[in-house]
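Report on the structure
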Amino acid sequence: MRTKQLNSSLSLQFGGGSEEWIEFACPCGNGKIIEQHCNIPGVYEHDVTIICDHCKQNYTFDLSKGIRAWELIEK
């Protein structure tokens with residue numbers, strides 16, 4: 001399952017890179033899911049995390065289609 005996107009921001013960095021943050025609602029509605037992409041030459045990091053104690057206990061991510069196509073699945 002994917003949840004509703006709430007917000008996003010893109011920050012251009014010196015040297016032609018960028019940092020991107022995308023915020024989604026968590027399933028219970030009390031927290032959020034943060035998807036982060038750091039595309040700075042030499043540093044390519046991507047992460048997605050649940051910022052909600054309740055949902056963190058009940059869901060995990062299926063990243064089999066890639067980090068930008070994550071889906072929440074029940075534990």
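In this text, all values refer to a predicted model and were calculated from it rather than measured experimentally.

Conventions used here
Residues numbered from 1 in each chain as written. Predicted model: local features only at pLDDT ≥ 70, side-chain atom pairs only at ≥ 80, totals over all residues. Heavy atoms only, no water. Helix = DSSP H or I, 4+ residues; strand = E, 2+ residues; numbered from the N terminus. Buried < 20%, exposed > 50% of the residue type's maximum accessible area, 1.4 Å probe, protein only. Contact = heavy atoms within 4.5 Å. Salt bridge = Lys/Arg side-chain N within 4 Å of Asp/Glu carboxyl O. Disulfide = S-S within 2.5 Å. Pairing = 2+ DSSP bridges. Axes fitted to C-alpha atoms, helices over the stretch in contact; angles between N-to-C directions. Phe/Tyr/Trp six-rings, centres within 6.5 Å; stacked < 30°, edge-to-face > 60°. Lys NZ or Arg CZ within 6 Å of the ring centre and 35° of its normal.

This part takes up the environment of D47. Residue placement: D47 occurs in strand β4 (residues 43-51). Classification of D47 by relative accessible area gives partly exposed; the value is 42%. Residues D47 and W21, spaced 26 residues apart in sequence, show a C-alpha to C-alpha distance of 9.7 Å. Non-local contacts of D47, meaning those with residues more than four positions away in its chain, are made with I34, E35, Q36 and I67.

Let's shift gears to the pattern of salt bridges. This structure, assessed with the given rule, holds two salt bridges. Across the pair E20 and R68 runs a salt bridge whose closest N-O atoms are separated by 3.0 Å. With E20 in strand β2 (residues 18-25) and R68 in the loop between β5 (59-62) and β6 (71-74), the pair connects residues that are 48 residues apart, well separated along the chain. For K65, the salt bridge goes to E71, with nearest N and O atoms at 3.3 Å.

Our next topic: the state of the cysteines. Note on terminology: a disulfide is the covalent bond linking the sulfur atoms of two cysteines. Taken as a whole and assessed by the stated rule, the structure comprises zero disulfides. Looking at C55, it has no disulfide partner, and the nearest cysteine sulfur is the one in C28, 3.7 Å off.

Read from one edge of the open sheet, four strands run β1-β2-β3-β4, paired in antiparallel fashion. Each of the sheet's edge strands pairs with one partner strand only, and the pair in question is β1 (5-12) and β4. Looking at each pair of strands side by side, their axes are set apart by 10 degrees on average, direction ignored. Pairing of strand β3 (residues 32-40) with β4 involves nine bridges; the strand directions are antiparallel. Its bridge partner being in β4, N39 is matched across the sheet by Y44.

Looking at the secondary structure, you find I40 in strand β3. The sequence separation of I40 and L12 amounts to 28 residues, and the corresponding C-alpha distance is 9.1 Å. What I40 contacts, discounting residues up to four positions off in sequence, is Q13, G17, S18 and E19.

Under the definition given, this model contains two aromatic pairs. Taking 5.1 Å as the distance between ring centres and 90 degrees as the angle between the ring planes, the aromatic pair formed by F24 and W70 counts as edge-to-face. With F24 in strand β2 and W70 in the loop between β5 and β6, this pair connects stretches of sequence that are 46 residues apart. Here F24 falls in the buried class, since its relative accessible area comes to 4%. Between F61 and W70 the ring centres are 5.5 Å apart and the planes differ by 85 degrees, which places this aromatic pair in the edge-to-face class. Summarising the burial analysis for this pair, F61 and W70 share the class buried. Aromatic ring contacts, followed pair by pair, group F24, F61 and W70 into a single cluster. Between the NZ or CZ atom of R2 and the centre of the ring of W70, over which it lies, the distance is 4.1 Å.

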